[in-house]
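Coordinate analysis (summary)
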Amino acid sequence: MRTRALSCTDPVVGDILAGWRYDISGLSPAMGRDYELHLSECSSCRRRQRVARTIDVLLLSVSTLSILAFFLAAVVIHRVELVTHGGTLHVPIPLHQAHVVAISLEAIAITGLVFSTLLWVLVAVATPLPGFLGQLVQQRIPPHILTDLRDRFNKNAA
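Below you will find a few notes about this structure. (Residues numbered from 1 in each chain as written. Predicted model: local features only at pLDDT ≥ 70, side-chain atom pairs only at ≥ 80, totals over all residues. Heavy atoms only, no water.)

Examining the overall build of the protein chain
- When its secondary structure is counted, the protein chain shows seven helices and zero strands.
- Going from N to C terminus, the protein chain has its helices and strands arranged as α-α-α-α-α-α-α.
- Looking at the protein chain as a whole, 22% of its 158 residues qualify as buried.
- Long-range contacts, defined here as pairs at least 24 residues apart, represent 71% of the contacts in the protein chain between residues at least 6 apart.
- For the protein chain, the computed accessible surface area is about 11,400 Å², with 69% contributed by carbon and sulfur atoms. (Helix = DSSP H or I, 4+ residues; strand = E, 2+ residues; numbered from the N terminus. Buried < 20%, exposed > 50% of the residue type's maximum accessible area, 1.4 Å probe, protein only. Contact = heavy atoms within 4.5 Å. Areas by Shrake-Rupley, 256 points an atom, 1.4 Å probe, with all protein chains shown as cover.)

What follows is the structure, given as structure tokens:
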């Protein structure tokens, strides 16, 4: 019984759903219902999908925290560099060397910020997380509010 719960009930569909990038929100409604039915019946596929989406969320969270950390570092280094040139902070090393260190640290922080932002965009594009989150939000919003929002957007687009 335990081995049956750990294996997929339909190996063909299970292999399709096991793909890391697989997103059922972009399918035709008939195929989407079939896959949703399989996910509701197969605990193995449900578990694999949950693990994949958890990893996607963790990657985006770590990338976001990295962006914030590098942004904060760049701002702090820039402020400290301004204060040292204002003459209010006495640094024991010659001023021209402190300026070189501040500029290089600031450049490293900005490079880290750009690299972290690039990684965030790549993770967001490479994973089906935006479609998954959009579908999740649509399920939680009451239908009358969704139709009202669609009507407002359609009026503004026209």
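After that view, the rundown keeps rolling.
Concerning the state of the cysteines
- In total, this model carries zero disulfides according to the counting rule given.
- No disulfide involves Cys45; its sulfur sits 3.5 Å from that of Cys8, the nearest cysteine. (Disulfide = S-S within 2.5 Å.)

A few points about a positive patch on the surface
- A contiguous patch of positive charge on the surface is contributed by Arg46, Arg47, Arg48 and Arg50.
- Looking at where Arg50 falls in the secondary structure, it is placed in helix α4 (residues 43-86). (Patch = residues over 30% accessible without salt bridge, like charges linked within 9 Å, V, L, I, M, F, W, Y side chains within 5 Å. Salt bridge = Lys/Arg side-chain N within 4 Å of Asp/Glu carboxyl O. Lys, Arg positive; Asp, Glu negative; His and termini not counted. Charge placed at Lys NZ, Arg CZ, Asp CG, Glu CD.)

Things to note about the side chain of His38
- Assignment of secondary structure puts His38 in helix α3 (residues 29-41).
- Under the relative-accessibility criterion, His38 is labelled buried at 6%.

Considering the nonpolar core
- Residues Val13, Leu17, Tyr35, Leu39, Cys42 and Cys45 constitute the largest nonpolar core, which totals six residues.
- Taken together, the elements giving at least two residues each to this core come down to α2 (11-17) and α3. (Core = buried A, V, L, I, M, F, W, Y, C linked by side-chain atoms within 4.5 Å.)

Considering the pattern of salt bridges
- Counted according to the given criterion, the structure contains one salt bridge.
- The salt bridge involving Arg53 is made with Asp56; its shortest N-O contact spans 3.7 Å. Note that Arg53 and Asp56 are positioned in helix α4 at a spacing of three residues, about one turn of the helix. Summarising the burial analysis for this pair, Arg53 and Asp56 share the class buried.

Some words on the environment of Val123
- Inspection of the secondary structure assignment puts Val123 in helix α5 (residues 95-126).
- Given a relative accessible area of 15%, Val123 falls into the buried group.
- Considered as a pair, Val123 and Leu59 are 64 residues apart in the sequence and their alpha carbons are 7.1 Å apart.

Focus: a nonpolar patch on the surface
- Side chains of Phe115, Leu118, Leu119 and Leu122 sit close together on the surface and give an oily, nonpolar patch of about 390 Å² of accessible area.
- Here Leu122 shows up in helix α5.

Some details on α3
- With 13 residues, α3 should cover 18 Å at 1.5 Å per step; its first-to-last C-alpha distance of 18 Å lies within 8% of that length.
- Restricting attention to buried positions, one finds in α3 the residues Gly32, Tyr35, His38 and Leu39. All buried residues of α3 fall inside an arc of 125° around its axis, so they share one side. Along α3, exposed side chains directed more than 90 degrees from the buried face belong to Pro29, Arg33, Asp34 and Glu41. (Expected span 1.5 Å × (residues − 1). Arc of directions from axis to C-beta.)

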